[in-house]
Structures are given as structure tokens and as C-alpha cells.
Amino acid sequence: MLKYIVIALIGLGVYLGVTYKDQIEDVTNSRPMEEVQDMYEDAKDQAADKADELSDKADELSSQLKDLTK
């Protein structure tokens, strides 16, 4: 019997979580933090892309310099 009560409470919790997800996020202010995290990840990806571009350009310039010194 206790097992069924626990299962019912878990089901009720899942139902409430799905139904009132937006209101819960508003109360906990989790949306702004998610937006900040998304912007941080975008900036990190852009910085990594620029670092790769700079590394490729440095390799290209280094090979050109080697060709000139030969």
C-alpha cells in the first residue's frame, strides 16, 4: 500500500512540474540564468573559432616565412 502512495506522489509531482513549468521557472528566476549561460557558451565558441583562425593564419605565415628563407 505504501508503494502505491509513493508512486502516486511521484506522479503528482511530475504532473505539477510539467503543468506549471513556466510559473516555476519564473519564481526561481532560472530563465535569465539560462540566457546568460547560453550567451557565455556562444562567446566561448566564437573565441575558440577565432583562436583556430589565428592559429591557422600563424601556421600559414610560418610556412611562407620558411619558403622565403630557403
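As a reminder, the structure under discussion sits directly above these lines.
Residues numbered from 1 in each chain as written. Predicted model: local features only at pLDDT ≥ 70, side-chain atom pairs only at ≥ 80, totals over all residues. Heavy atoms only, no water.

As for the environment of Q23
For step 1, the next point in the chain: Secondary-structure assignment places Q23 in helix α2 (residues 21–28).
For step 2, the next point in the chain: Accessibility expressed as a relative area gives 45% for Q23, which makes it partly exposed.
For step 3, the next point in the chain: When the C-alpha atoms of Q23 and S63 are compared, they prove to be 58 Å apart, with 40 residues separating the residues in sequence. (Helix = DSSP H or I, 4+ residues; strand = E, 2+ residues; numbered from the N terminus. Buried < 20%, exposed > 50% of the residue type's maximum accessible area, 1.4 Å probe, protein only.)

Remarks on a negative patch on the surface
For step 1, the next point in the chain: On the surface, a cluster of negative charge is made up of E34, E35, D38, E41, D42, D45, D49, D52, D56, D59 and E60.
For step 2, the next point in the chain: Of note, D38 is situated in helix α3 (residues 30–69).
For step 3, the next point in the chain: Residue class for D38 comes out partly exposed when judged on its relative accessible area of 44%. (Patch = residues over 30% accessible without salt bridge, like charges linked within 9 Å, V, L, I, M, F, W, Y side chains within 5 Å. Areas by Shrake-Rupley, 256 points an atom, 1.4 Å probe, with all protein chains shown as cover. Salt bridge = Lys/Arg side-chain N within 4 Å of Asp/Glu carboxyl O. Lys, Arg positive; Asp, Glu negative; His and termini not counted. Charge placed at Lys NZ, Arg CZ, Asp CG, Glu CD.)

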